[in-house]
Amino acid sequence: MKIKWFLIFILFFRISIAQEKSFVSEDISINSMIDGTLLLPKKVNKPPLAIIIQGSGPIDRNGNQDNLNNNSLKFLAEGLYHKNIATYRYDKRLVKQLIEGDFNENDILFEDFIEDAKAVSNHFKNDDRFSEIIIIGHSQGSLVGMIVAQDGVDKYITISGAGREIDDVIIFQLEKQAPELKDNARQAFDDLRVNGVTQNYSPALSTIFRPSLQSFMFSWMQYNPQTEIAKLEIPVLIINGDKDIQVQVSEAIKLKEAKPDAQFEIIKNMNHIFKKNKGDLAENQKSYNDESIPVIPKLIKVISSFILK
């Protein structure tokens with residue numbers, strides 16, 4: 001059985017990088033692994049800075065990867081720019097590794113993404129051009145952002161973030177899309193959690209449990225989003241779209257339960273990549289590779305209001 005691509009958002013693909021145009025921008029390399037773009041509004045002195053942490057796979061600074069060009073993160077940054085909020089968005093380290101031919105899936109750990117996001121945050125903490133630092137984490141980046149936001153930033157925003165450990169999220173997805181694989185996957189995850197490796201899994205689950213990915217999955221499984229978000233002592237905004245086919249609204253509810261004082265927003269007709277969707281599943285999937293569709297305006301309004309209040 002072939003598992004639909006949108007179920008498991010942990011696959012690695014080649015990427016392409018779109019170019020920044022028509023905004024006051026600065027390309028900044030944080031270190032040898034992290035290149036990104038700062039959008040800096042000039043209408044206000046010392047604007048707030050939002051650092052955008054992307055989801056899973058080799059996502060570039062614009063939210064794109066090979067054959068999936070939707071510019072979701074680019075449009076998010078540009079929308080906040082028009083609200084006089086600065087943003088820094090960056091290519092995931094996998095981008096440079098793939099371009100330079102240095103990518104080895106065996107070597108990737110979840111902690112690599114945490115360390116990269118910390119490096120970005122630390123770079124800007126002492127930059128006196130900004131009034132405050134906000135972390136925005138999308139999808140997999142939601143959990144990364146929660147951990148980074150525990151150390152010296154002013155606000156935190158999660159968009160389409162899981163509310164449970166990743167193995168439980170994937171089991172939930174399989175229960176809906178491939179229920180005959182659920183029990184096998186549960187046993188494989190249990191083996192992986194206890195032993196650090198797993199061997200007895202269906203070939204249909206190789207996109208999750210292939211040997212080269214197991215160390216990464218094991219490291220990701222060590223973090224519980226409900227535990228991490230509860231540690232935050234700063235203002236928190238939890239956002240999900242009700243047309244998200246990758247992360248259900250129920251995940252956002254679990255985050256809210258773990259952080260009762262957080263602002264909670266479910267955006268009507270917004271899908272996983274911030275696009276408006278009123279149609280069926282096919283239309284939803286099609287938007288993942290349509291860069292002509294802007295992000296839904298309500299997302300910009302909710303985020304900017306939270307940051308500026």
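Residues numbered from 1 in each chain as written. Predicted model: local features only at pLDDT ≥ 70, side-chain atom pairs only at ≥ 80, totals over all residues. Heavy atoms only, no water.

### Overview of the overall build of the chain
How we decide: Labels follow the DSSP assignment, with helices taken as runs of H or I lasting at least four residues and strands as runs of E lasting at least two, numbered in each case from the N terminus. The quantity called the radius of gyration is restricted to C-alpha atoms. Its globule counterpart is 2.2 Å times the number of residues to the power 0.38. The classification of residues rests on relative accessible area computed with a 1.4 Å probe and restricted to protein chains. Under 20% of the type maximum is buried, over 50% is exposed, and intermediate values are partly exposed. The contact criterion used is simple: two residues touch if any of their non-hydrogen atoms lie within 4.5 Å. Under this rule, positive means Lys or Arg and negative means Asp or Glu; His and the chain ends count for nothing. Charge placement uses NZ in Lys and CZ in Arg. For Asp and Glu, CG and CD serve respectively.
When helices and strands are tallied, the chain shows twelve helices and eight strands. For the chain, whose C-alpha radius of gyration is 18 Å, the value lies close to the compact-globule estimate of 19 Å for 309 residues. Its C-alpha atoms give the chain principal-axis dimensions of about 60 × 40 × 40 Å. Per-residue burial over the chain gives 59% buried out of 309 residues. Intrachain contacts of the chain at a sequence separation of at least 6 include 74% that bridge at least 24 residues. Distance between charge centroids for the chain: 7 Å, based on 37 positive and 41 negative side chains.

### Focus on the nonpolar core
Applied cut-off: To define a nonpolar core, start from buried Ala, Val, Leu, Ile, Met, Phe, Trp, Tyr and Cys residues and group those joined through side-chain atoms within 4.5 Å.
Ranked by size, the top nonpolar core spans 62 residues in total, and within it Leu 49, Tyr 88, Phe 110, Phe 124, Tyr 156, Met 217 and Ile 229 carry the most contacts. Of the residues forming this core, the biggest block, six residues, is contributed by helix α3 (residues 110-125). Each residue touching Phe 124, except ones within four places of it in the same chain, is listed here: Ile 28, Ile 30, Leu 38, Leu 49, Ile 51, Tyr 88, Phe 130 and Ile 133.

### Some thoughts on the confidence of the model for the chain
Put simply, the rule reads: Note: pLDDT gives the predictor's confidence per residue, expressed from 0 to 100.
When pLDDT is averaged along the chain, the result is 92; 93% of the residues meet or exceed 70. In this model, residues 1-20 is a region of pLDDT below 50 whose contacts with residues beyond four sequence positions or in other chains number 81 contacts.

### Focus on the sheet that holds strand β5 (residues 133-138)
Worth spelling out the cut-off: For two strands to count as paired, DSSP must find a minimum of two bridges between them. For helices, the fitted line uses only the C-alpha atoms of the stretch in contact; every axis is such a line through C-alpha atoms, and the angle between N-to-C directions lies from 0 to 180 degrees.
The sheet built from eight strands is open, its strands ordered β1-β2-β4-β3-β5-β6-β7-β8 with mixed pairing. Each end of this open sheet is capped by a strand with a single partner; those strands are β1 (25-31) and β8 (263-267). The average angle at which neighbouring strand axes cross in this sheet is 20 degrees, direction not considered. Taken together, the four bridges between strand β6 (residues 155-159) and strand β7 (residues 236-241) define a ladder with parallel strand orientation. Bridging from a neighbouring strand, Tyr 156 pairs with Val 236 of β7. Here helix α1 (residues 72-81) sits on the sheet and contacts β2 (34-39), β3 (49-53), β4 (86-90), β5 and β6; the angle it forms with β4, its principal contact strand, is near 165 degrees. Contacts from helix α12 (residues 297-308) reach β3, β5, β6, β7 and β8, with the element oriented near 165 degrees to β6.

### A few points about the pairing of β8
Operational definition: Here the term right-handed applies to a crossover when the path leading from its first strand over the helix to its second strand runs clockwise, the strands being oriented away from the viewer.
Relative to β8, β7 runs parallel, the two sharing five bridges. Its bridge partner lying in β8, Gly 241 is registered against Ile 267. Following the chain from β7 across helix α10 (residues 249-258) to the adjacent parallel β8, one finds a crossover that is right-handed.

### Quick look at the packing of helix α6 (residues 182-195) against helix α8 (residues 211-220)
Put simply, the rule reads: Here the angle decides the label: under 35 degrees means roughly parallel, over 145 means roughly antiparallel, 65 to 115 means roughly perpendicular, and every other value means oblique. The nonpolar class holds Ala, Val, Leu, Ile, Met, Phe, Trp, Tyr, Cys and Pro. Asp, Glu, Lys and Arg form the charged class, and all remaining residues, Gly among them, are polar.
Contact pair α6 / α8: the axes reach a minimum separation of 10 Å and the direction vectors enclose 80 degrees. With respect to each other, α6 and α8 are oriented roughly perpendicular. Contacts from Phe 189, Leu 192 and Arg 193 in α6 reach Gln 214, Met 217 and Phe 218 in α8. Of the residues that constitute the contact of α6 with α8, the class distribution is four nonpolar, one polar and one charged.

### With respect to the pattern of salt bridges
For the record, the criterion: When a carboxyl oxygen of Asp or Glu is within 4 Å of a side-chain nitrogen of Lys or Arg, the pair counts as a salt bridge.
Under the defined criterion, the tally for this structure stands at 20 salt bridges. The partner of Glu 78 in a salt bridge is Lys 74, with the nearest N and O atoms 2.8 Å apart. With a gap of four residues between them, Glu 78 and Lys 74 both fall in helix α1, about one helical turn apart. With respect to burial, Glu 78 and Lys 74 carry one shared label: buried. With a shortest N-O distance of 3.8 Å, Arg 193 and Glu 165 are connected by a salt bridge. One end of the pair, Arg 193, is in helix α6; the other, Glu 165, is in the loop between β6 and α5 (166-177), with 28 residues separating them in the sequence. Overlapping salt bridges bring together Glu 165, Asp 167, Asp 168, Arg 186, Asp 190 and Arg 193 as one network.

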